[in-house]
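Inside the fold
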Amino acid sequence: NAGVTQTPKFRVLKTGQSMTLLCAQDMNHEYMYWYRQDPGMGLRLIHYSVGEGTTAKGEVPDGYNVSRLKKQNFLLGLESAAPSQTSVYFCASVRTQYTGELFFGEGSRLTVL
Amino acid sequence: DQQVKQNSPSLSVQEGRISILNCDYTNSMFDYFLWYKKYPAEGPTFLISISSIKDKNEDGRFTVFLNKSAKHLSLHIVPSQPGDSAVYFCAAKSFGNEKLTFGTGTRLTIIP
């Protein structure tokens with residue numbers, strides 16, 4: 001039982017490059033989220049999805065795009081990476097909205113030079 | 001605007017003693033509160049939660065207290081163990097809202 005899996009775990013990019021982070025969950029959860037964690041800032045919501053084919057903006061969506069073409073996958077894209085996007089990214093999922101007890105992946109550390 | 005605040009970035013507690021982690025919130029619409037625990041190089045894991053209809057919830061060594069009038073909640077760990085050393089995040093949500101709002105975290109260190 002893998003739970004929530006994020007790939008890649010680590011990535012170094014140059015300013016202006018693009019990349020995609022993949023999140024996959026095998027728990028048949030409806031809701032999926034992308035957070036970023038920065039020192040002193042806690043976890044901030046980037047984008048989220050309440051079901052296949054849907055996406056919505058969170059707290060800090062600028063510079064990111066997402067897609068949820070399949071229920072089990074939630075992709076986070078950076079079209080033109082900036083040093084301010086250096087962070088640890090966490091994907092999370094939950095079956096329903098009611099309890100808020102999210103299941104998180106192990107994180108993806110991204111460095112933009 | 002930080003709606004969920006954890007004002008202590010770090011806390012050190014002797015093994016066997018009580019650890020008390022605090023969290024304040026500003027949004028009166030929040031009605032469900034959670035604590036998550038995070039070890040280095042791992043994702044956060046759910047620890048304990050409390051609904052606004054309660055003022056206390058216990059699970060083993062962990063107890064969460066909610067003071068709605070003060071918009072304050074706290075997590076008590078008794079007795080503290082070395083394995084409790086981690087970063088603890090407080091989080092809150094309102095009914096019908098899909099989004100969790102997290103605090104900035106408190107790093108707890110248990111001293112053997």
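Anything mentioned here points back to the structure above.
Below: a short report on this structure. The structure presented is a predicted model; accordingly, all values stated were derived computationally and were not measured.

1. Side note on the side chain of Lys38 of chain B
Residue and element names in this part refer to chain B. Relative to the elements of secondary structure, Lys38 occurs in strand β4 (residues 32–38). In this structure Lys38 is buried but unpaired, with Glu42 as the nearest side chain of opposite charge at 7.8 Å. Here Glu42 takes part through its backbone oxygen, which lies 3.1 Å from a polar atom of the side chain of Lys38.

2. Quick word on the packing of aromatic side chains
A complete count under the given rule lists 13 aromatic pairs over all chains for this structure. Ring geometry for Phe104 of chain A against Tyr36 of chain B: centres 5.7 Å apart, planes inclined by 85 degrees, an arrangement best described as edge-to-face. A residue pair is termed interchain when its members come from two chains, as with Phe104 of chain A in strand β10 (residues 103–104) and Tyr36 of chain B in strand β4. We classify Phe104 of chain A as buried; its relative accessible area is 11%. Ring geometry for Phe104 of chain A versus Phe102 of chain B: centroids 6.1 Å apart, planes at 75 degrees, classification edge-to-face. Of the two residues, Phe104 of chain A sits in strand β10 while Phe102 of chain B sits in strand β10 (residues 101–102), which places them in two different chains. As far as burial versus exposure is concerned, Phe104 of chain A and Phe102 of chain B are alike and both buried.

3. A word on the nonpolar core
Among the nonpolar cores identified, the biggest contains 23 residues, and Phe33, Trp35, Leu73, Leu75 and Tyr88 of chain B are the most heavily contacted of them. Only β3 (19–25), β4, β5 (45–51), β7 (62–67), β8 (72–77), β9 (86–93) and β11 (106–111) of chain B provide two or more residues apiece to this core. For this core, the element with the most residues is β9 of chain B, which contributes four residues. Counting residues in hydrophobic clusters, the runner-up holds 20 residues, among them Leu45 and Phe90 of chain A together with Val87 and Ala91 of chain B.

What counts as what
Residues numbered from 1 in each chain as written. Chains lettered and ligands numbered in written order. Predicted model: local features only at pLDDT ≥ 70, side-chain atom pairs only at ≥ 80, totals over all residues. Heavy atoms only, no water. Helix = DSSP H or I, 4+ residues; strand = E, 2+ residues; numbered from the N terminus. Buried < 20%, exposed > 50% of the residue type's maximum accessible area, 1.4 Å probe, protein only. Lys, Arg positive; Asp, Glu negative; His and termini not counted. Salt bridge = Lys/Arg side-chain N within 4 Å of Asp/Glu carboxyl O. Polar contact = N/O pair within 3.5 Å; in protein donor to acceptor, adjacent residues only side chain to side chain. Phe/Tyr/Trp six-rings, centres within 6.5 Å; stacked < 30°, edge-to-face > 60°. Core = buried A, V, L, I, M, F, W, Y, C linked by side-chain atoms within 4.5 Å.

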